[in-house]
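Notes for the structure review
As a plain string of letters, each chain reads:
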Amino acid sequence: MRSYAQMVSKRFILKRLLLLIPVLLGVGTLVFAVLHLSPGDPARVILGQRASAQEVADLREGLGLNDPIWIQYLRFLWEAAQFEFGESYKIFQGQTVKSVLVDKLPVTIELALYGQIIGITLGIPLGILSAVKQDSVVDHVTRIGALTGISVPIFWSGPLVILLFATYLDWLPTSGRIGATIFLDDTWMPFTFLPEGFSQQLPWFGGPVVISKATEWPLTGMVTIDTLLLQNWEAFISAGQHLLLPSAVIGIYSMALISRMMRSSMLEVVRQDYMRTARAKGQGAKITIMKHGLRNAFIPVVTVIGIQFGTLLGGAVLTETVFGIGGIGVMLVNAIEVSDYNLVQGTVLTFALLFTLVNLGVDITYSYLDPRIQQ
Amino acid sequence: MSTQTESVETTSRDLVDRLRASPFLSSLLANRLALTGLGIILLMVLIAVYARLFIAGPFGPGLESIISSQLGSAPDKIAPGWTRGEPLTYFFGTDGQARDIYPRVLYGAWLALKFGTITVGASTALGVSLGIVAAYYSDVVDNTIMRTMDVLLAFPSLLLALALVAIFGSGLWKAVIALTLVYTPRFARVVRGAALKVLEDEYIDATVALGAQDPRVLARHVLPNCLAPITVQSTLNFGLAIIDLAALSFLGFGAQAGTPSWGLMLSNGVENGLLNGIWWWSFFPGLFLAITVLGFNLLGDGMRDALDPRMREAVD
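Residues numbered from 1 in each chain as written. Chains lettered and ligands numbered in written order. Predicted model: local features only at pLDDT ≥ 70, side-chain atom pairs only at ≥ 80, totals over all residues.

Looking at the overall build of chain A
Scanning chain A from terminus to terminus reveals 13 helices and zero strands. Starting at the N terminus and ending at the C terminus, chain A contains elements arranged as α-α-α-α-α-α-α-α-α-α-α-α-α. The burial tally for chain A puts 39% of its 375 residues in the buried class. Looking at chain A alone, contacts between residues at least 24 apart form 70% of all its contacts between residues at least 6 apart. (Helix = DSSP H or I, 4+ residues; strand = E, 2+ residues; numbered from the N terminus. Buried ≥ 20, exposed ≤ 12 C-beta atoms within 10 Å, placed from the backbone. Contact = placed C-beta atoms within 7 Å.)

Shown next as structure tokens:
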């Protein structure tokens, strides 16, 4: 029986993976279009307004922009498949887009992760409570609260909480990822090992130095995890304080959606025959809900959590702008402003890839929780 | 005379009966939250029309008065009058160019509702047409349309909007086009699903057997039976469209400088005002934005519950 289920899931996953190919091809085509339909000339963007027409023409030739469009398209797809998007023209001149993305992506993912953790830990209990005590005061407050939560734009609530908690009350820092006196060095690249006894002296800050211990693990680029790996508690606390407001703001948004879905899913499950049967057999109300209700009610919630994670990644553009966090969201906005096309292409493709993979993960989890979906 | 009153009475009684008979409308009307949402939307529509006619229109000082700088003729950066005990002057304060914020925020309602309506209207029209066509013509057409929609759905919505803005350039109208393309797939999906169900019904076979042409079948028989999910999706999307339009303006890709759009006022207030303690530049536009979106979400949520028979049971 079990092996049959496993066989089905393998086929299901394989089918989902195959379906991914046309989608990713389409995504690549759209991202290719970003460069080729945009009004500006990349060569002109790189060289600036003062460059002569000859220089621009030479660079166009060098970049392969004079090749037939289908050759450029195939070349782009081939390079994109290897995650190569060339060098950043403007914002990170001289660095490859790939290295910039490796550097900045963990920042965005970390923020989304904490937001999601807050959303789940608050949203699920509130949704259950709301459903179990349907039409009570708790239920109404939760529902109105949830609807308000998704209606308030982050770029309004964010600045307001900064004003309240950072400026007036002075409990938390206003922006950034870590305290100014705690130094984040360029050598702090994700996925790198630090040599034994590595130490970095700071000529201008008197503050504590983060990178002072050897790590056995490669760093992740996520401040809260790296400071733990480096066992620098002061830096860890500082990083946590910096993350609290932004992740709370996006967490509340996510909580709103999760609690709504949890509530309606729970309400539906409670009415099922097997719940009545369990009660009829003499099982207590609480145990029935915990044992039979929750597991089944969780299924649609998993979908929402997955989709929500993707939305949080997208919302990073706004959150990072408001809270001054240098992830790939804010980088994309800057790249569009200065027409740094390579960077735009790489970032947009990364977002789409992440979003698609999260959705794939959701589908697979879903199929495990509810094997009927595979048929 | 009496017959007229009678007929009015009959029609109103008819209407009430019809409302009662429709489980969708009666459960919607019984939903206080949905009615509150409807109330908020109507209020915002009134504000928008008022602002269009009596502030920026023929009966007021004109659009120029809330767009151009008033430096020299009015005090700049002063707090709302009521915080200083003068409730009647500068109700929402003035901005850095000495413009009165109150009429600007009211006019923002006009801009939000106008561009929101265009965005939602266009994506509904496009998505519904694509969805119905995909459902009706199977295989090649269906696959082509829906796989294209899948690609658009592979991006987080604001990200896709930004990528499209990178192609089109910035501006309110271009933001509208970008968001229209972003929302279209959602409508296409919902409508395709609903239409596939309708197409299984026997009356469709009957209509086709009677010799009706494809466009007639789609427009007269399939579309009307998909209206309910379309309406819910449009209402929920309205709130989203207003937020996303404001977000694009906030990021600097929407409304041009000086335009009294909520997103732009917010971005100016956050960037230049907040840290100097000037909270009113961003507070009021944000408040109006949040309330408007809440209105659409309350109504849309109520509609969805009313459409879902399981939820209706829960209300009983």
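Comments concerning the overall build of chain B
What chain B contains, in helices and strands, is 14 helices and zero strands. Counting helices and strands in the order they occur from the N terminus, chain B gives α-α-α-α-α-α-α-α-α-α-α-α-α-α. Taken over the C-alpha atoms alone, chain B extends approximately 75 × 60 × 40 Å along its principal axes. Among the 316 residues that make up chain B, the fraction classed as buried is 45%. Looking at chain B alone, contacts between residues at least 24 apart form 68% of all its contacts between residues at least 6 apart.

Considering the confidence of the model for chain A
Residue and element names in this part refer to chain A. The share of residues in chain A with pLDDT of 70 or more is 84%, and the mean pLDDT across the chain is 78. Here residues 185-192 is modelled with pLDDT under 50, and outside its nearest four sequence neighbours on either side it reaches 16 contacts, counting other chains as well. Residue range residues 194-214 is modelled with pLDDT below 50. Its contacts to residues more than four positions away, or to other chains, number 36 contacts. (pLDDT = per-residue confidence, 0-100.)

Notes on the confidence of the model for chain B
Residue and element names in this part refer to chain B. Looking at chain B, pLDDT values average 82 and 91% of them are 70 or higher. When mean pLDDT is taken per element in chain B, helix 5 (residues 101-136) scores highest with 92 and helix 14 (residues 309-315) scores lowest with 45. Across residues 311-316 the pLDDT falls below 50, and counting only partners more than four positions away or on other chains, this stretch makes seven contacts in the model.

A closer look at the packing of helix 5 of chain B against helix 8 (residues 172-199) of chain B
Residue and element names in this part refer to chain B. Taken N-terminus to C-terminus, the directions of helix 5 and helix 8 make an angle of 35°; their axes are 5 Å apart at the nearest point. Handedness of the helix 5/helix 8 crossing: right-handed. Looking at the contact of helix 5 with helix 8, its residues break down into 22 nonpolar, seven polar and three charged. (Axes fitted to C-alpha atoms, helices over the stretch in contact; angles between N-to-C directions. Left-handed = near helix turned anticlockwise from the far one by under 90°. Nonpolar A, V, L, I, M, F, W, Y, C, P; charged D, E, K, R; others polar.)

Remarks on the interface of chain A and chain B
The partner chain B presents 38 residues to the 40 residues of chain A that form the contact. Secondary structure elements with two or more residues in the side of chain A that touches chain B: helix 1 (2-37), helix 6 (137-151), helix 7 (154-168), helix 9 (233-270), helix 11 (285-323), helix 12 (328-337) and helix 13 (341-369) of chain A. In the side of chain A that touches chain B, the residues fall into 28 nonpolar, ten polar and two charged.

Regarding unusual backbone geometry
All names here are of chain A. For Phe83, which is not glycine, the phi torsion reads 65° and is therefore positive. With respect to the helices and strands, the residue Phe83 is situated in the loop between helix 4 (69-81) and helix 5 (97-132). At Ser339, a residue that is not glycine, the phi angle is positive and equals roughly 55°. For Ser339, the position within the fold is in the loop between helix 12 and helix 13. On the basis of neighbour counts, which here come to 20 C-beta atoms within 10 Å, the residue Ser339 falls in the buried class.

Notes on the nonpolar core
Among the nonpolar cores identified, the biggest contains 171 residues, and Ala161, Leu162 and Val165 of chain B are the most heavily contacted of them. For this core, the leading source of residues is helix 9 of chain A, giving 18 residues. Setting aside anything within four residues of it in sequence, one finds Leu162 of chain B in contact with Val317, Leu332 and Ile336 of chain A. (Core = buried A, V, L, I, M, F, W, Y, C linked by C-beta atoms within 7 Å.)

A closer look at the environment of Ile299 of chain A
Residue and element names in this part refer to chain A. Here Ile299 shows up in helix 11. Linking Ile299 and Ala278, residues 21 residues apart in sequence, is a C-alpha distance of 20 Å. Beyond its immediate chain neighbours, meaning those up to four positions away, Ile299 contacts Tyr366, Leu369 and Asp370.

Brief notes about the environment of Leu43 of chain B
By the secondary structure assignment, Leu43 of chain B is in helix 3 (residues 32-55). A C-alpha to C-alpha distance of 34 Å links Leu43 of chain B and Arg192 of chain B, two positions 149 residues apart in sequence.

Section: the environment of Ala109 of chain B
Residue and element names in this part refer to chain B. As for its position among the elements, Ala109 is in helix 5. For the pair formed by Ala109 and Thr180, sequence separation is 71 residues and the distance between their alpha carbons is 20 Å. Not counting residues within four places of it along the chain, the set of residues in contact with Ala109 comprises Met44, Ile47, Ala48, Ala51, Phe288 and Thr292.

A few points about the packing of helix 3 of chain B against helix 5 of chain B
Residue and element names in this part refer to chain B. It is at 8 Å that the axes of helix 3 and helix 5 come closest, and there the two elements cross at 115°. One finds that helix 3 runs roughly perpendicular with respect to helix 5. The hand of the helix 3/helix 5 crossing is left-handed. Counted together, Met44, Val45, Ile47, Ala48, Tyr50, Ala51, Arg52 and Ile55 of helix 3 and Pro103, Leu106, Tyr107, Ala109, Trp110 and Leu113 of helix 5 form the full contact between these two elements. Split into classes, the residues belonging to the contact of helix 3 with helix 5 amount to 13 nonpolar, no polar and one charged. (Parallel < 35°, antiparallel > 145°, perpendicular 65-115°, else oblique.)

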